[in-house]
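Now for the letters of each chain:
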Amino acid sequence: MEKRIHIEDIDRKTPFRVPDGYFEGLTGRVMASISDGSEEAVDNGAPHESNSKVVGMLPRRNKFGWVKWLAAAACICGVVFLIANQQDSDETAGGGPTANVKGNPSVSENSDAEDIQTVSSTEQAGGKVYANNTYDLSRHAHRSSTPPPANITPAPATYKPSATAPAAKVQTASVDLKPVTPVRTAGKENLATRTIRTVTPPNGVNAFSTNAPKTDMADNDASTTDSYSQEYDLIDYTNMSSSEIYEYLAGNEYY
Amino acid sequence: MSIDKEKDITARLLDKSTRRKAFEDMVNMFSSRLYWQIRRMLTYHDDTDDVLQNTFIKAWNGMESFRGDSKLSTWLYKIAYNETLTFISKQRETISIDGTTDFDDENSTSMLNTLESDSYFDGDETMRLLQAAVAGLPAKQRSVFTMKYFDDMKYEDIAEVTGTSVGALKASYHLAVKKIEEFINNHE
């Protein structure tokens, strides 16, 4: 039967040995290693002030503890700044109704500058203009059965604000709902030159007619979403002056 | 007799004019006790010598903060205890008093082999197993065990040195005993 050893059964003596003469020389070595200035002779029995440097046992105060707080504050400010910048860039990035269209790269993936065309001479064109959306002449050329009038000069691909008019502020539909100031050339009655950009009202209510017939563009874009195509309200600008067009659009809260 | 001598040294340490001589007397009085307290923790003489000298140097440097409120022996034990833990922590051991840290069986086995050829070890096989088992304990638990088992210190005094509650010390000692007995019986 195995005998189990218990700790109380073991002799409690320390089984280690000490080198000979160790303790005799220990005091001298300790006193020699102590840093003090009082080993010099005492004059007339008067004790000298010790010049030894006293090292306190208390934990030393960190002199530069404030640096970590400053670094933390700088990090927080940097993060806030980055988040704010990111939000600003999201707001000014391309979006709006055109971005919601699926399946049509020319619509959903184009930048705002490419999508926004200057609509010129609409009355002269005699065509229909989608009042609440941008009119892309290139699309019309591809999709409409009616070729564009010859006297219509396609607008440049990039949008350049008029020097005499305030630049229209383009914003994404889902974020900023401020109306866009139309660009018009003053003094020219029958020439409506503006860039039209539409936004969705703040409460999500579709201000446009939902019963509007689908346009040719929408028909040709098989994958176009209903929200995009149904937002159209077909208006005949042929017999309307520029001021009437503006008033109509303003009155219908297109801006 | 030793208590009176301790009080006398304490009183002279508080006086700057007699401090140096009193300190020398203190080293003579407590060097052996402190040496064995440290040696049981560290096992090796050279390590013990380093820690012991550091202990006395720390005591001299901290003499300004010594008010004599606690016993001189307790104060020195506390310094030696902290210096030993600092030394062990530098050897990258984990420190735990509740015994949750695993028993370092590898260290114990290594110690067992080292003690076999150590010229400063005088014990038999069982004592060699005991020392090897103690070496496998976590540092704080090791110190509690050695103070209680070898020095037969009261739990209240150990609590004052380690800054731990008496209940925690009792639990730690009980766990240490179980681990040591298991190690010894497995290697017998």
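In this text, all values refer to a predicted model and were calculated from it rather than measured experimentally. (Residues numbered from 1 in each chain as written. Chains lettered and ligands numbered in written order. Predicted model: local features only at pLDDT ≥ 70, side-chain atom pairs only at ≥ 80, totals over all residues. Heavy atoms only, no water.)

The subject of this paragraph is the interface of chain B and chain A. Taken together, the contacts link 45 residues of chain B with 31 residues of chain A. Carbon and sulfur atoms supply 64% of the area buried between chain B and chain A, which totals about 3,800 Å² over both sides. The tally of links between chain B and chain A comes to 1 salt bridge. The partner of Asp49(B) in a salt bridge is Arg29(A), and the shortest N-O contact between them spans 3.5 Å. In this assembly, chain B and chain A are joined by 8 residue pairs in polar contact (both at pLDDT 80 or more). (Contact = heavy atoms within 4.5 Å. Buried area = accessible area lost by both parts, 1.4 Å probe. Salt bridge = Lys/Arg side-chain N within 4 Å of Asp/Glu carboxyl O. Polar contact = N/O pair within 3.5 Å; in protein donor to acceptor, adjacent residues only side chain to side chain.)

Within the element layout of this structure, Met127(B) appears in helix H6 (residues 125–135). Looking at Met127(B), the relative accessible area reads 5%, which means it is buried. Aside from chain neighbours lying at most four places away, what touches Met127(B) is Ile10(A), Asp11(A), Lys13(A), Pro15(A) and Phe121(B). (Helix = DSSP H or I, 4+ residues; strand = E, 2+ residues; numbered from the N terminus. Buried < 20%, exposed > 50% of the residue type's maximum accessible area, 1.4 Å probe, protein only.)

Let us now look at the packing of helix H7 (residues 139–149) of chain B against helix H8 (residues 155–162) of chain B. Residues and elements named next belong to chain B. Contact geometry for H7 and H8: axes closest at 10 Å, N-to-C directions at 145°. Between H7 and H8 the crossing geometry is right-handed. Residues Val-144, Met-147 and Lys-148 of H7 form the contact with H8, whose participating residues are Tyr-155, Ile-158, Val-161 and Thr-162. Counted by class, the contact of H7 with H8 contains 5 nonpolar, 1 polar and 1 charged residues. (Axes fitted to C-alpha atoms, helices over the stretch in contact; angles between N-to-C directions. Left-handed = near helix turned anticlockwise from the far one by under 90°. Nonpolar A, V, L, I, M, F, W, Y, C, P; charged D, E, K, R; others polar.)

All names here are of chain B. The terminal C-alpha atoms of helix H5 (residues 105–116), which comprises 12 residues, lie 17 Å apart, in line with the 16 Å expected from a rise of 1.5 Å per residue. Taken residue by residue, H5 has Ser-108, Met-111, Leu-112 and Leu-115 as its buried positions. Down the axis of H5, the sector holding all buried residues measures 105°, keeping them to one side. Along its buried surface, H5 packs onto H6 and helix H9 (166–187). (Expected span 1.5 Å × (residues − 1). Arc of directions from axis to C-beta.)

So, on to helix H2 (residues 19–42) of chain B. All names here are of chain B. The sharpest bend along H2 measures roughly 50° and falls at Phe-30. Of all the 24 residues making up H2, 18 are buried; the element is thus mostly covered by neighbouring parts of the structure. Looking one or two residues past H2, Thr-43 carries a phi angle of roughly 75°, positive in sign. (Bend = angle between axes of the 7 residues up to and from the residue.)

Right, let's talk about the environment of Ile180(B) for a bit. Mapped onto the elements of the fold, Ile180(B) is located in helix H9. Its relative accessible area of 0% is what places Ile180(B) among the buried residues. As for Ile180(B) and Leu130(B), which are separated by 50 residues in sequence, their C-alpha atoms are 6.8 Å apart. Not counting residues within four places of it along the chain, the set of residues in contact with Ile180(B) comprises Ile7(A), Leu130(B), Ala133(B), Val134(B), Leu137(B) and Phe145(B).

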